[in-house]
Structures are given as C-alpha cells and as structure tokens.
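# Examination of the molecular architecture
Here are the chains, one letter per residue:
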Amino acid sequence: MKSGSTLTTAESTLQLLKPPSVVTGHLTIGGLDDQVLTPVGTKPPLAWFVAFSVTLSATLIGIALIAYTIATGIGVWGNNVPVAWAFDIINFVFWVGIGHAGTLISAILLLFRARWRNAISRFSEAMTIFAVICATLFPLIHVGRPWLAFWLAPYPNQRAIWPNFRSPLLWDVFAVNTYFLVSLLFWYIGLIPDLASLRDRTTNRVKKAVYTVLALGWRGASLHWHHYERAYLIIAGLATGLVLSVHSVVSFDFAVSLVPGWHMTIFPPYFVTGAIFAGFAMVVMAMVVVRKTMRLENLITDYHLEVMNKVILTCSCLMGYAYLLEGFTAWYSMNPYIHHTFMQYITGSYWWAGWLTITCNVLIPQLLWLRPIRRSYSGMILVAVAVTVGMWFERFVIIVSSLHQDFLPSSWQIYKPTFVDYGILLGSFGLFFTLVLLFARVLPVIATSEMKMVLPGSQPAHKGGRHE
Amino acid sequence: MSDRKIFSVVGIFDSAQHLMNAIPDIRKRVNAPLEAYTPYPVEGLDKLLGHRKSPVGGMVLVMGIIGALSALGFELWTSGRDYPQVTAGKPLFSWEAFVPIMFEVTVLFAAFTAGLGMLLLLNRLPMFRHPMLRSSSLPLVTRDRFALAVEARGAEIDVEKITRLLQEFGAKSVEVVEEPAPAGVASPKFFLRTLTAIGIVCILAGFITYWTMKLFPIVKPMVHMLDQPRLNPQSPSRYFSDGSGMRMPVSGTVARGSVPYTIRNQELAGDLVNPLYRTETVLRQGRQAYMNNCSVCHGVLGDGKTSLTKAYGAKPANLVSQSIAGLPDGKLYHVIVAGKNAMASYSAELGEDERWATVHYLRVLQRAANARDEDIPK
Amino acid sequence: MNKQPGVRGMGADRKLIVLAGAGLVGIVVSWIVSGGERFWANWILWFLFLLTIGLGSLFIVALEHVVGARWSIPLRRVPERLSSLVLIVAPIALLALLSLDSLYSWTSPEALANPIIAGKRPWLNVPFFIARVIACLLLWGLAWWILVRGSIKQDKTRDARFNLRARRFAPLFMIIFGITITIVAFDWISSMEPEWYSDIFGVYIFAGTFLAGLAATTLALLYLQSRGRLKDITRDHMYNLGGFLFAFTVFWSYIGFAQYMLMWYANIPEEVFWYQERIEGAWGPILLGLAVFHFLVPFFLLIPRDAKRDPRFLFWTAAIMLFSHWLDLYWMIFPVLDLGPLFGLPEISFSILFVSAALLWIRFSMTRGADMPAGDPLLSEGLEFRL
C-alpha cells in the first residue's frame, strides 16, 4: 500500500471495492449463444461416456438393491428397534438439503439482484430437481410397501378416513411435493426463452420439432417479457418461502417429537442453513468440473467460485453457532436426557461421527477465510468434499446417535448398516450424477437469456431521471 | 407478394439502445400498434411501449389467499369434522398443526397461478401459429437482435412508408410478415379450455367419489387387516382336538378382581346390602351401565317398552312397576348377576360396583316414574 | 417549521426536554407508588428497546460492508447515526444491573434450593453476568468506533481505505454480533425465567432486533426526507428498504412460529410453561395482537409493489412494526411480574421519558457528519441505483 502515489493507491483501492464484471474477456450477446448452445445435443466427448458409465452402473446397483428390498422387505436393511430410522431418512434429509442451494441461488439471489447468480442459476436449479428426485425415493421405499404410498394423499376413499394432518410426516409429503413442482415450474419457465433460441438455431428436423413444442411458441415479445419478468420474480419470492419451509418441515419430523436431541427449537433454521451449506458445496464441486470440461471459465469466473465459497464460509459459521447452542442448551437445560444424548454425540458409541461432523462442517471450512484457498481449485474441492461428508454425517449423528439409546436402557442397540444400505446410498449418488450428466448434454447449462441481460452493454444507458 | 394479409412490418435493430431510441420517433409518425421483440427483457422498454402494469401480482395474491383458506378449511373439516380423531392429545381444531400444509398449498397455488397464469392467460402461449414464428426475423431476435414490429391488426398499413421510417431510424433490415393460415387445434384457447375442463372434472370427480362412497358402501373397505391368517373368535380350528378355536379357562381359576357369588336363590339375596352410597358419581356410573346394558330391552325409562318388544314379541319386565319397586336392593342385584326368565346373566358385562350402581339408578328411574308434585324444583 | 435543511429546531429540543422532565417526575412518583419491581421491568423493557434499535442499525451497516451492497450507501448514514444508541444505552445497561435482585430470581439464595437453577450457577451468577454485560458493551463500542466513527471521518478524509478496513472488520463483527445478541437474549430476557430454555431464542431476538433497526432506519429516513434532507434518495431505494422490512417480518414470524409450534406440539412442562404464562388471561389478546401487528398487518401492507415505494405508507408501516417490536418485548418481560398486562402511570412515564430522551439523542446524532457518507467512493453508484 505504501508504494506508489496516493492517486494510484486510491484507484487500486476503488478497483478492489467494485465487484468484477460477471464475465471475463470480451463476449457478445450472440457469442454467448454460440458458446453455450452449440454443444447442446451434440455427441459428447469420451470423458463424458466414461463418467456416464460409472454413474449409470452405480444407479443400476441402487435399482437392483431397491428391487431386492421391495421383494424381500426392509428387514434387509440394518434398521433395528430403537434405530427405526436410519440410512433411509438420513439420505432423504441429505438429498432434500442438496436441493436447497439451487433454490437459494435461483430465487433468493434473484431477489437480492446478485447478478453473478445468473451464470449458475440454471445448473443449480437442475441440481435442485435431481436432488429432490433422489430424496423422494427414500420415503417411498422406506414405507415398505411403496405401491400403497398413495394412501398418503387425501383422496375420498371407501375407508372413510383421511390422512392425519397433524402429523409432520404428512407435512413432509406436501412440502416435498410442492417443492418439487414449484422448482420444476421455475426451471421450465426459465428454460422457455432458451428453448426458443435452440429452436431457431437448430437445423435438425427432429430436434426442431421437440424444441418447438417445448418452447411453447415463445417469440420474445416485449409484452410477454413484461409479464414474464413479473411472474418470474413472484415465483422467486414464493420459492424463497419454500426454501425456508421445506427444510423446516423436514426438521419438524424430528423436532416435534420428545426424543432428546431431536426436540430442539433451533432445528428449523439450523436445518435450513445446513441444507444450503451442503447444497452450495455440491454446486461448487459441480461448477468446478463443468467450467473446466465445458470451457465456461469466462462465464463461471473465479469471482463466482469465490462468492460461493464465501457463502459456504458464512453457512459454516452459522452451523458452528447452532452446534454451540445445541451443546450449551444440553447443559443449560439441566435436562439429564438432553445432556446424555449430547454427550453421546461426542463421546458415545458414535463419537467419531460427531467429531467428523464438527471437523468437516465447522473447522475445515474456516480455511476459506484465506483468499488464496477461496480461489484455488484444490482448496475449494477439499472444503466442498468435507462439507458433503460432514453434512451427511451430521444427519447420521442426529438420527442414529439420538435413537440408539432411547429412554429404555434395555432396548439400547448399536446400529450397523448392511450392504443394501450402502448400495442404495451409492445408487442415489449414481442417479443424481446420471441425471446431471444427461442434463449437461441436452439442455443449455447456462441460462442464456438471463446472462444476456447482464452482459456489459446489453441494457440501455440510464437517462438519469428520477422515477416517479 | 402473396395474397395473404400483412400482419406487421418488422425492423431489425442492432442493440437495445437503438431500438429504444427509435420507438418514440416512429410512434410520432405512425398511427399503428407497436410491438418489440427482444432476446432478453430490456429495462424500460415496457414503459416506452406503454404496457400496463402486469396483473400477475394481483392474481397471485387472490389465488394465494384462496389456496390458504381452502387448505386450512380442508384440514379443519377432515381432521375436525369428517374424521374427528384426537392424535397426540391435540384438540380437533388445532390450527398450529395445520399451518405447515396451509403454507405449502398457498405457495403451490400462488406459484402455479404466477407461472401458468402468465403463460396461458396473459401471454396466450402455447401459440404455434403466430406470424412472427414463420418470419426470418425471429431467429435473429432469439439470438441477439432487437425487432420493432408495426402491426396491422386487420387494418391497412402503408408498408413502404413504414419500411422507410424504420430504416431512417436505424433498422438494419426490414421484413414484411404475413398473416398465417387460421389456427387449428393447437390454439391457445384450445389449451386453456382443455386445462379448465380437466380441472373442473378433477374437482367434480372428487366430490362424486366422496359422496358415492359415503352413500353406497359397496366396496369392502381396506381388507388387508381382515384377511390375515389368524383365528377369529368363535371360529373352528383343526389345531385343537375338540375342533374349537377358543379355549376354556383352566378349571378352578378365577378371573382377577372377581368375587365369587354363591347365593343360588333370589329369596336369599334379599339380605344383601348395597355397599355404595348414593353419590352423584355412583348414579352417573349407574346410568352409564344401565344405558349400555339394560336400556336395550328395559327401555331408557325402565318401563320395558322399546322397539325390541314390538319386533320380537318379547316381554321384558317393567322395572318401574310397583312390584319391582317394592323389591329390596339385594334381589335386584341377584337378577343382574344370575339372570331371570329370558334374561341372561350380566355378571360378565358388569363389575361388582357397576351392578350396585345400576341398582341405585333403578331407584332413580322408579322414583321418576312415580314423581310427586314436591319433586319438581321451584 | 420551514427551516433551512440541516438546522436543528431548537424549539423541538426544548419541548422534548420538558417532556423528558415530566416523564422523570412520573417515574419518581410511580417508584414511590408502585414499587421497584415494576420500575425495573419498565427499565429493562426500554433498555432493550433502545438497545435493539441501536444494534439492529449497527447490523445493517455491517451487513452492507459484508455483502458489498451499493444501493444502500446513500442511506447508510441513517443507520450509522441511529447505531450510536448502543453508546447511550451503556449507562442504562449498567443501571439495569441494579434490577438483578428484584427481577432475576436466580440471584436470590433461596433459588439455589431448586436443583435446576443451582446447576446453572456457573453461567447464572452475578459476577459473570456483569462481566458479560460489560464485555458486550465494550465490543459494541469498539464495533461502532471502527464502522461508524471511521465512516464519519471518511466524510473529510475521503480515504477509500476505510471501505477496505470496514469490509475486513464487518465479518468479524457478524460473529461478535451473533454471540452478543444471543447473550442479550439469554441473559436479559430468558434468564428472568431461569428454568426455561429454548435454543432458538437468540435467533428470535436477532430477528426482532434487525427488524427494529430496519423500521427505525425507515422512520428516520422518511422523516428526514419530509424535512427536505436526503432528497437524492429515490423511491427505488425505499422499495428495497420496504423489501427488507417485508422479508424480515416474514423471518421473524417464521422463527416465532417455529418456537411456539414446537413447544406447543411437544407440550413438555419444563418448557411450555413459558408460553402458558404468556397466553393465559389478558396476555392471550396481547399475543394475538402480536400476531396481527407484528406479522399480518405489515405482511399484507407490504405485499403491493407500490406500497413499498410510497413514503407515507412506508412510514406508517414502519411505525407499526416498531411499536409491535416494543409490544413483543413487553409481552416477554412483563409476565414475570405476575400482575397481568399493566399499562399505568409507570409505563406511561417511562414511555415519555425514554422516547423523548431517545429522540433528543437521535436529533443530536443527526448533526454528526454529512447526511450521506460523502467520502465513500462508491456513493455515486449507490445514488444511481434503479430497480
């Protein structure tokens, strides 16, 4: 800072204060289309096929084991009597959580007019949808007789009964389904202008027919944009409420009960934060791969990754706050049961899971305070992997550690997952990445119309007059 | 030029700025509706073209409120009225527990109103036959150009003048777009009507199914629990040698809490003394036992007149008659335990206290049947 | 009142001083009439009310530095000036320590017979409590010094390095703020019922605090505008401010409902009694009023797009929100007295004294520095902000 004249210092300071442009290098509006839309629907490179075969194999393993579970019964899982909820619910909570980052990026950041979100919104919304698909799988198979899952829906029936609307499990059904439908709607509405671009670019007749139908005859009329923008903003606002509500409802599954370690008033915001945290880690991981392999470094810039890492750091601090309060309340409540459960987390049979959670979720992400780590691939991948592992184990701690020693010491049991549990977990990861890989090839991974909107020079200059 | 009508004259501009600069000038010189086509929303363009405030917000608010109220109403009705069941000790109308689903349904209604309302109602999409879709300008627009269309909308327009004007104010190229053939099945109206019809059918189907199933219980409800491999009471079984599914108690055993009753004769029972005081609790207990066990035959008032009498020609005793009112407590108690004439023993249904309480309640009925003036409270 | 913009109306100051004097007399009288407990309950209530406004404003300032928001730079001076309330509450907080004997039952020796309270002794003891209070005050003072003093100084120096310093310090302040606001919640409010616990309580108080800061900022901003100052702040800025008010009304309701619903559902005696005390009798309508005025009314008022851009409309909405924040604190604190909802001479005199004193202080603070952070190199960008 001391070198150079005061003028250059002031200028360089100013440069530091302003956020960099959303794209690097020179990019025209049409050039954006060429870059993003050209690869859509073309033959993928070899690396894609390698990745796809790996994820598809994992998916098939998962499907086979799900079939085995349904044919035999959920006795093939490791669940036992105090630990009646185990991998199935852990995975459910984990995957629903992954979805939340997508909605945060696409909806909340839109409301905050964070322009950098435009480059990553499409991809993270797609991840939301795929994650929710993975998530809904688990409650469905864990009911044991999935063909009767329609009983969850309130439909007029011969039994003259209705589902129990006071049960958080039913809230879950509504919350997750609403979340899925609204995310799908939001994603599709965002896709329409891009589909129109694709329709008008492609020369292949079959593709053109498909895109024509999907684009609904979008023609970019200003009156259409006028309504479109308003509706898009409103859905974003609603989706913001959904982000808060969905994981809160998931947390209610636990928190309305009397199980020590589950009945915590902080659970709703704590679950929401954790969900966004894990989701952002997944988005960062995916984005690093996508920008490298699809050569999108100019659109998904270092700045994007740095901002996402800052969000991860913020979430990590909030998680630390929640853990701290959980521990403090365990002591402050002077409730022996809560105290016992908390001590189980950190010194009990699954102490390693407790410490793994704390290390991965709170300690390792603190590295992101350092700017070089925020900007290095290895640093952010390390943190993102740690957070993914940590958040999965956090749900493990909440579910298994709390349950395996319930109020009746005679029924205490250690939970051990079986190969079926591991296999289905692997299968869910396989399904998620299979869908991601397919998406990356058949639809534009970047919302071009949203991106065009924020490219330098795309908007008319302000007149400077005051709006009235 | 073909014989088709002209839909619009479209000028292509290089940038949003050029487009916005041209609009006021062209508007001044041409008296025809203008529409712009852009690859992305351009700030301020809607104001320049004079689009009114979008009604999406109002639609969403109304539908959101409808969603909230219908969800809450539905939850209250199903959990509090149609299928009232206490769960977790919560009141029937526990609004707290209904808030999460109410919220989700609100968001669902509101979001789909915004999305589908915008697409179907306001923008009239899907629309596959719009003239612009056939034009050579649209591929430019969906990429990076900006189009300004002077629309004919049925009226005659001066194509040459407009072409000149557009070029004068910066249009790089000008295209004349013609009306297409009339829209067939895939018109926006068709989609809208189909969707509305599906919605109405769904709602109607719900109501019809609900009432049909309520009024005509023809389908065997939920058979999974009935059709279990298990032994039902009173049913035969080949497992035991006597062929009966039920077992007799081991001889000489007594049920817990039961007191052996050894009096064989009603006359001898007259000496028994009712051990219960006539308190309100006892009388209530007696009434409960009487209503549940005795009233079917002896009648709510104890006069032996019920529908059963007519249906089966049975003659249950008139418990409020003088002869029975004159019997001591013990003899009444004996009848409950041992039965009389056609009446079977009720010792299995009623415990010791309940029998005595029933006797007390009988006295109440007898007194009521022969009430005097001074019994009426002033 | 057609004075030069920026000149304080001395007449108004004099009126406020007279009012404050009247309030003071009322307080002395009510101390004699209705005793110390009620006096201290009022004292804590007003201390927390002013503290949350100040802290909320400080949080707004820090938030802007953390996220690098530029639209809010032109109006940043308003929360900066309001945040000086965290300085003036220091003596009020220290005096409030005198209330420990009468309002905080864990201080009494008899309370130690209760094993739950006795167990909490390592946290709930007088020396540690005082230490926490002083530590919090010092940390807030420090944060104010760095974030606000620096900003006012920047008016003259025009040194952009302040922004960098603030940007580096603000994340640290967020951590300090998170911990201290939780301590405020647990110590000053929750520990009035020492058996009670709720781990979301810090977040609940944070939501109220931020909302109070926002509402006070909005009120002060619109007041200044009506006096011909801050003319460059457009309706687009107000729209954003209104959006924040809306968002955090929803957030407060979400946290409040989550806490209530979880306790209602689980229905465990050791925690549900807190709500029981605050629902029974005349407290029920007050809780209902809280739901109406802290959530429903501002929620529906702020939904329309135009409402957020209309200064008069926004002013009254913010006023309702600030009032309902006061009501929230009242609803949490006063049931401890076990006398039902009270609003008599002590409450009125306290309101008069603290409102007029706070207004005096705010009017004085409004003279510090320029109306906008003139030295901020990004100010012009903030002024250009349009929706």
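Below or above, wherever it landed, is the structure these notes cover. (Residues numbered from 1 in each chain as written. Chains lettered and ligands numbered in written order. Predicted model: local features only at pLDDT ≥ 70, side-chain atom pairs only at ≥ 80, totals over all residues. Heavy atoms only, no water.)

### So, the overall build of chain B
The helix and strand inventory of chain B stands at 14 helices and four strands. At 43 Å, chain B has a C-alpha radius of gyration far larger than the 21 Å of a compact globule built from 378 residues. Considered along the principal axes of its C-alpha atoms, chain B spans approximately 125 × 70 × 40 Å. Per-residue burial for chain B yields a buried fraction of 37% across its 378 residues. (Helix = DSSP H or I, 4+ residues; strand = E, 2+ residues; numbered from the N terminus. Rg over C-alpha atoms; globule rule 2.2 N^0.38 Å. Buried < 20%, exposed > 50% of the residue type's maximum accessible area, 1.4 Å probe, protein only.)

### What about the overall build of chain C?
Along chain C, the regular secondary structure elements total 15 helices and zero strands. At 21 Å, chain C has a C-alpha radius of gyration in line with the 21 Å of a compact globule built from 387 residues. On the principal axes, the C-alpha backbone points of chain C span a range of 65 × 45 × 40 Å. Relative to its full complement of 387 residues, chain C shows a buried share of 60%. As displayed, chain C has an accessible area near 14600 Å², and 69% of this comes from carbon and sulfur atoms. Here chain C contributes 32 positively and 27 negatively charged side chains, and the mean placements of these two sets differ by 14 Å. (Areas by Shrake-Rupley, 256 points an atom, 1.4 Å probe, with all protein chains shown as cover. Lys, Arg positive; Asp, Glu negative; His and termini not counted. Charge placed at Lys NZ, Arg CZ, Asp CG, Glu CD.)

### Considering the interface of chain B and chain C
Each partner contributes to the interface: chain B provides eleven residues, whereas chain C provides nine residues. Here chain B meets chain C over a buried area of about 860 Å², counting both sides, of which 76% is carbon and sulfur. Applying the counting criterion to the chain B and chain C interface returns one salt bridge. A salt bridge links Lys53(B) to Asp306(C); the shortest N-O distance between them is 3.8 Å. There are two residue pairs in polar contact (both at pLDDT 80 or more) connecting chain B and chain C. For the side of chain B that touches chain C, the secondary structure elements donating two or more residues are helix H3 (56–82) and helix H4 (95–122) of chain B. It is H4(B) that provides the largest number of residues to the side of chain B that touches chain C, a total of four residues. Grouping the amino acids of the side of chain B that touches chain C by side-chain chemistry returns seven nonpolar, one polar and three charged. (Contact = heavy atoms within 4.5 Å. Buried area = accessible area lost by both parts, 1.4 Å probe. Salt bridge = Lys/Arg side-chain N within 4 Å of Asp/Glu carboxyl O. Polar contact = N/O pair within 3.5 Å; in protein donor to acceptor, adjacent residues only side chain to side chain. Nonpolar A, V, L, I, M, F, W, Y, C, P; charged D, E, K, R; others polar.)

### A word on the environment of Gln285(B)
Residues and elements named next belong to chain B. Here Gln-285 lies in helix H10 (residues 280–298). A relative accessible area of 31% means that Gln-285 is categorised as partly exposed. The residues touching Gln-285, leaving out its near neighbours within four places in the chain, are Asp-353, Glu-354 and Ala-357.

### A word on the packing of aromatic side chains
Per the stated rule, a full pass over the model turns up 112 aromatic pairs over all chains. The interplanar angle of 35° and the centroid separation of 6.0 Å between the aromatic rings of Trp352(A) and Phe396(A) together place this pair among those described as tilted. Here the residue Trp352(A) occupies a position in helix H12 (residues 351–363), and Phe396(A) occupies one in helix H14 (residues 377–403), the gap between them amounting to 44 residues. Ring geometry for Trp392(A) and Phe393(A): centres 5.1 Å apart, planes at 80°, overall edge-to-face. Residue Trp392(A) shares its accessibility class with Phe393(A), and that shared class is buried. Lying over the aromatic face of Phe128(C), Arg132(C) brings its terminal NZ or CZ to 4.5 Å of the ring centre. The ring of Phe246(C) has Lys308(C) sitting right over it, with the charged end atom 5.5 Å from the ring centre. (Phe/Tyr/Trp six-rings, centres within 6.5 Å; stacked < 30°, edge-to-face > 60°. Lys NZ or Arg CZ within 6 Å of the ring centre and 35° of its normal.)

### Description of the packing of H4(B) against helix H10 (residues 235–266) of chain C
Taken N-terminus to C-terminus, the directions of H4(B) and H10(C) make an angle of 130°; their axes are 10 Å apart at the nearest point. Overall, the two elements H4(B) and H10(C) adopt an arrangement that is oblique. Helix-helix and strand crossings are classified by hand; for H4(B) and H10(C) the assignment is left-handed. Contacts from Trp95(B), Glu96(B), Ala97(B) and Val99(B) in H4(B) reach Phe257(C), Tyr260(C), Met261(C), Trp264(C) and Tyr265(C) in H10(C). For the contact of H4(B) with H10(C), the per-class residue count stands at eight nonpolar, no polar and one charged. (Axes fitted to C-alpha atoms, helices over the stretch in contact; angles between N-to-C directions. Parallel < 35°, antiparallel > 145°, perpendicular 65-115°, else oblique. Left-handed = near helix turned anticlockwise from the far one by under 90°.)

Geometric descriptors of this kind do not, in isolation, establish any biological role.
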